[in-house]
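# Chains, contacts and geometry: an overview
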Amino acid sequence: EEMAEAQLYAKVSNKHRGRSTSALLEPLLAKGFPAHIAQKALVATGQKTIEDAVKWLHSHCNDPSLDDPIPQEYALYLCPTGRLHSRLQDFWKESKRQCGKNRAHEVFPHITLCDFFTCEDQKVELLYDILKRVGDSFSQSFPPSISLTLHASPSYLGFFIDDSQANVLKKFAAAFSSEASALADCHVKPSLKQFHLTLAHRFYPHHQKTLEQLAKCINPGEPCQWVAALYSRDMRFVYYQTLRALFQYKPQNIDELMINVGDLIYVNPAQQSDVSEGWVIGTSHRTGCRGFLPENYTERAHEADTWVKHREYVFDTASRSFPREPNVKLNGEAHNLSMSRSVTNVLSLQNTALRRAVLVMRHGERVDQVFGKSWLQQCLTADGNYYRADLNFPSSLPRQKDSMKQFECDPPLSCCGIFQSRLIGEALLDQEVTVSYVYSSPALRCLQTAQHVLQGLKLNQKVRIRVEPGLFEWTKWEASRAIPHFMTVAELVEASYDIDTSYRAHFPLSSLVPSESYEDYVSRSSAVIKQITSACPSKGKGVILIVGHGSSLASLTRALAGLPSRDSGDFAQRVRKIPSLGMCFCEEQKEENKWQMVNPPVKTLTHGANTAFDWRNTILED
């Protein structure tokens, strides 16, 4: 009898399908697109409009896989909407800010009803019919509200669903699975795990407490309308990373990828080993083309950013529900959580205000980075005076009692470097970041960065810079033969730098040795960060700003957070990728002297190169 029913359904839905698909498919066939490619375009855009499909076809005209009969993968999720969804989004944002990304951030809040399965393009329309029909048959028995119980372990945090309600959801998933398997030739498996809504997954165990506290601010009894939604993804790129383009890139060579701002790119981490430094090889989600692209033009995106939403079934239980004050069970204990959002926000703000934090920053752009090692020769006149050979050279150099030659080993910032530093200071001021102490490496570029950040913060003369030689670069890189002749504190004061003249360095200059071993550099960094944090009172509010080198971001913050140091090869690889004014931010936890890395209070600063311009050669001469 069941089979007969299934065949009947198939006839009905085929009729129905014939009507609705042709409404979209016919015009595409009329435009001359082959049926299998037109169908592929419809499925890739969620079968919404002809315009979407045509746009997709134009973008994919050079896609080498356009003819391949590779179907999409589909999943059925139960998703919250309304106030509960907003609270979950707040948790997503806040957990990412305080603890960095974990696996849960890859996808939006959901309960998995049926995990990913494949379906041929021409049968997808049947899935829509089945979702509608099964939804209708469960609309009366669907729970008016779903009770969620918070569950926490060292690698998982999420809500579990009350058994009796989970059983209804399981029946719904099973009904969808069996119909989809029978009618659309799909191999669909309903989720067999305990039904759950993940909040965080695969995070560092030391973040568990913070995440749990944030989760306790979500009131799972918030009004919510549940929606069963069908999503699809490209099965070829399931284990890839997804990047988002921040800038347009126009290929310079045939093997490079054209990208527009906002493009999503699939990158296989396993295929990057032979790619030259700073480049990745990827496939564009928008065009299907593959090629090389500069990694620093992109940021990490989320896995679900490339997914397509097809259809949804809204369970409208509002008409049959009764308002009630929800009690949330937290691992078995009942808690009443009708705590308003504003209260939690105020609490979390007060919390951070009372905590100490350390902001470690690399210096701004240095002149030799732009003009090469011979930069000084380019701007000295025959009688040894400084002149500005390009607007990106600083307008003047600070006076030193010895010769100008000292600047060769201790280069200043470029004009752009000064501008970058001030910009970061202004951004910190905008975010109302209170900087209470400033420490700097003795390198001139670091001291200048600190000075201009303080100017941007409007703190010059209010907070003075503590010159700490222990913060200098790993000497194997910057001082293999001799430690540079840095400007003395007296010279810096004379040149109008806001220096704390009463500060006694933890590592005097005389303690720096040329070509130190990596182990010595790591232990110097670890000692200096501990001495700095213990010298700044723990009850003191505000941020300790440390201006150092690219290597400082790795060596100081890992030591502070209690993480092991990396081996020297890996360390060098990572440090090479740190740009001017790159930042890392550590917050002290509730326990004193326990620190954790979180997102910096201001955004990153990214910009392109600007090459020298010779108008005569470029424009005038043939």
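Residues numbered from 1 in each chain as written. Predicted model: local features only at pLDDT ≥ 70, side-chain atom pairs only at ≥ 80, totals over all residues. Heavy atoms only, no water.

### Quick word on the pairing of strand β4 (residues 156-161)
Burial of β4 is extensive: 5 of the 6 residues sit out of reach of the surface. Note that strand β3 (residues 148-152) and β4 share 5 bridges and pair antiparallel. Residue T149 lies in a different strand from β4, and its bridge partner there is F160. Connecting β3 to the antiparallel partner β4 that follows it, the hairpin turn spans 3 residues. The pairing of β4 with strand β5 (residues 196-201) spans 5 bridges and is classified as antiparallel. Opposite G158, over in β5, you have T198 as the bridge partner. (Buried < 20%, exposed > 50% of the residue type's maximum accessible area, 1.4 Å probe, protein only. Helix = DSSP H or I, 4+ residues; strand = E, 2+ residues; numbered from the N terminus. Pairing = 2+ DSSP bridges.)

### Here we look at the nonpolar core
Within the largest apolar cluster, 55 residues are counted, with the highest numbers of intra-cluster contacts made by L78, L127, L157, F176 and L199. L359, Y386, L397 and V598 belong to the second largest nonpolar core, which has 45 residues in total. (Core = buried A, V, L, I, M, F, W, Y, C linked by side-chain atoms within 4.5 Å.)

### Considering the pattern of salt bridges
Taken as a whole and judged by the stated rule, the model has 27 salt bridges. Across the pair R83 and E222 runs a salt bridge whose closest N-O atoms are separated by 3.1 Å. Here R83, found in helix α4 (residues 83-99), pairs with E222, found in the loop between α7 (208-215) and β6 (225-233); they are 139 residues apart in sequence, far enough to count as distant. The exposure class assigned to R83 is partly exposed, which follows from its relative accessible area of 47%. The residue R244 makes a salt bridge to D305 at a minimum N-O spacing of 2.7 Å. Of this pair, R244 sits in strand β7 (residues 241-245) while D305 sits in the loop between β11 (298-300) and β12 (308-314), placing them 61 residues apart in sequence. R244 gets classed as partly exposed once you look at its relative accessible area, which sits at 24%. Salt bridges sharing partners connect three or more residues here, namely R366, D368, K373, R445 and E478. (Salt bridge = Lys/Arg side-chain N within 4 Å of Asp/Glu carboxyl O.)

### So, the confidence of the model for the protein
Mean pLDDT for the protein: 87, with 89% of residues reaching 70 or above. When the criterion is pLDDT under 50, residues 321-353 qualifies, and its contacts beyond four places in sequence or with other chains add up to 41 contacts. (pLDDT = per-residue confidence, 0-100. Contact = heavy atoms within 4.5 Å.)

### Observations regarding the sheet that holds strand β8 (residues 264-267)
The 5 strands are arranged β10-β9-β8-β7-β11 in an open sheet whose pairing can be described as antiparallel. Whereas interior strands pair on both sides, the edge strands pair on one side only; in this sheet they are β10 (290-294) and β11. On average, adjacent strands in this sheet sit at an angle of 45 degrees to one another, irrespective of strand direction. In the sheet, strand β9 (residues 279-284) pairs with β10 via 5 bridges, with the strands oriented antiparallel. For I281, the partnering residue across the bridge sits in β10 and is F292. (Axes fitted to C-alpha atoms, helices over the stretch in contact; angles between N-to-C directions.)

### Considerations on empty space enclosed by the protein
Taking a probe equal in size to a water molecule and rolling it over the atoms shows the remaining empty space. If you walk through the whole model with that rule in mind, you get 2 cavities of 30 Å³ or more. Here the largest cavity is characterised by a volume of approximately 90 Å³. Lining the largest cavity we find R233, D234, F237, V238, Y240, T242, Y266, E303, T306 and W307. By residue class, the composition of the lining of the largest cavity is 5 nonpolar, 2 polar and 3 charged. (1 Å grid on protein atoms, 1.4 Å probe; cavity = no way out; pocket = protein on both sides within 12 Å on 5 of 7 lines; lining within 4 Å. Points joined across faces, edges and corners; volume = space filled by probe spheres on them. Nonpolar A, V, L, I, M, F, W, Y, C, P; charged D, E, K, R; others polar.)

### Points about the packing of aromatic side chains
Counting across every chain of the model gives 31 aromatic pairs. Between Y77 and Y231, the ring centres sit 6.2 Å apart and the planes meet at 45 degrees, which makes this aromatic pair tilted. Taken together, the residues Y77 in strand β1 (residues 72-81) and Y231 in strand β6 connect sequence positions 154 residues apart. Ring geometry for F108 against W307: centres 6.0 Å apart, planes inclined by 90 degrees, an arrangement best described as edge-to-face. One end of the pair, F108, is in the loop between α4 and β2 (111-119); the other, W307, is in the loop between β11 and β12, and 199 residues separate them in sequence. F108 gets classed as partly exposed once you look at its relative accessible area, which sits at 22%. The buried category is assigned to W307, whose relative accessible area is 10%. Positioned above the aromatic ring of F116 is the side chain of R233, whose terminal nitrogen or guanidinium carbon lies 3.6 Å from the ring centre. (Phe/Tyr/Trp six-rings, centres within 6.5 Å; stacked < 30°, edge-to-face > 60°. Lys NZ or Arg CZ within 6 Å of the ring centre and 35° of its normal.)

### Focus: a nonpolar patch on the surface
Nonpolar side chains collect at one region of the surface, where F613, W615, I619 and L620 lie side by side and expose about 500 Å² of accessible area between them. Note on placement: I619 falls in helix α19 (residues 615-620). Classification of I619 as exposed rests on a relative accessible area of 63%. (Patch = residues over 30% accessible without salt bridge, like charges linked within 9 Å, V, L, I, M, F, W, Y side chains within 5 Å. Areas by Shrake-Rupley, 256 points an atom, 1.4 Å probe, with all protein chains shown as cover.)

### Concerning the pairing of strand β18 (residues 543-548)
The buried fraction of β18 amounts to 6 of the 6 residues, a majority that puts the element mostly inside the structure. The pairing of strand β15 (residues 357-362) with β18 spans 6 bridges and is classified as parallel. What sits directly across from L359, in β18, is L545. Sheet analysis places strand β16 (residues 435-440) next to β18, joined by 5 bridges and oriented parallel. Note on β18: the bridge partner recorded for Y439 is I546.

### Observations regarding the state of the cysteines
Applying the stated rule across the entire model yields 0 disulfides. No disulfide involves C186; its sulfur sits 3.5 Å from the nearest other cysteine sulfur, which is in C119. (Disulfide = S-S within 2.5 Å.)

### Some words on the side chain of H105
Within the element layout of this structure, H105 appears in the loop between α4 and β2. Look at H105 and you get buried, because its relative accessible area is 4%. Among the polar contacts made by the side chain of H105, one reaches the main-chain carbonyl oxygen of W92 at a distance of 3.0 Å. At 3.0 Å, the side chain of H105 forms a polar contact with the backbone nitrogen of N102. (Polar contact = N/O pair within 3.5 Å; in protein donor to acceptor, adjacent residues only side chain to side chain.)

### A look at the environment of L380
Mapped onto the elements of the fold, L380 is located in the loop between α10 (375-378) and α11 (406-409). Separated by 24 residues in the primary sequence, L380 and M404 place their C-alpha atoms 9.2 Å from one another. Filtering out sequence-adjacent residues up to four positions away, L380 remains in contact with N385, Y386, Y387 and M404.

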